[in-house]
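# Results of the structural survey
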Amino acid sequence: MTSGYYIGTKEEAENYDNIVTAGEGYNGTTVRWAEPRQHPTQLDLYSIIRHTTYDDSMQWVEVLDESWSQDIL
C-alpha cells in the first residue's frame, strides 16, 4: 500500500498521529507525525497522511478528493 491518507473522526486521526509519533520516536525538531485536517464541510471527518509502516482501520484513500480543497465562504 502506498502512502495516501486515512479518513476518520478527529479522535481516530489524533490517535493515529500519537501511535506514529511514539513509534518513530519523534522529539526535537520533529515533534509529531502529522496534523489531522478537518473536512471543510463534513465537520465530523478528519484526514491524516498515512505512514507506510503503520496501518489503521480508518478508511484509506490514495488521494483526497476535491471536496477536501473547497474554500469555506
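Residues numbered from 1 in each chain as written. Predicted model: local features only at pLDDT ≥ 70, side-chain atom pairs only at ≥ 80, totals over all residues. Heavy atoms only, no water.

As a further point, take the pattern of salt bridges. This structure, assessed with the given rule, holds 3 salt bridges. Close ionic contact of Glu35 with Arg32 constitutes a salt bridge, the shortest N to O distance being 3.2 Å. With relative accessibility at 58%, the residue Glu35 sits in the exposed group. Judged by relative accessible area, which is 31%, Arg32 ranks as partly exposed. (Salt bridge = Lys/Arg side-chain N within 4 Å of Asp/Glu carboxyl O. Buried < 20%, exposed > 50% of the residue type's maximum accessible area, 1.4 Å probe, protein only.)

As a further point, take the environment of Ser67. Summarising the element assignment, Ser67 is placed in the segment after β4 (59–61). Dropping the residues within four chain positions of it, Ser67 is found in contact with His39 and Pro40. Among the polar contacts listed, one links the side chain of Ser67 to the side chain of Asp65, at a separation of 2.4 Å. (Helix = DSSP H or I, 4+ residues; strand = E, 2+ residues; numbered from the N terminus. Contact = heavy atoms within 4.5 Å. Polar contact = N/O pair within 3.5 Å; in protein donor to acceptor, adjacent residues only side chain to side chain.)

If you look at the biggest cluster of nonpolar residues, it comprises 9 residues: Tyr6, Ala13, Tyr16, Val20, Ala34, Tyr46, Ile48, Tyr54 and Met58. When residues of this core are assigned to their parent elements, the largest contribution, 3 residues, is made by helix α1 (residues 10–24). The contact partners of Ile48, leaving out residues within four places of it in the chain, are Tyr5, Tyr6, Ala13, Tyr16, Asp17, Trp33, Ala34, Pro36 and Met58. (Core = buried A, V, L, I, M, F, W, Y, C linked by side-chain atoms within 4.5 Å.)

Any functional reading would require information that these geometric values do not contain.
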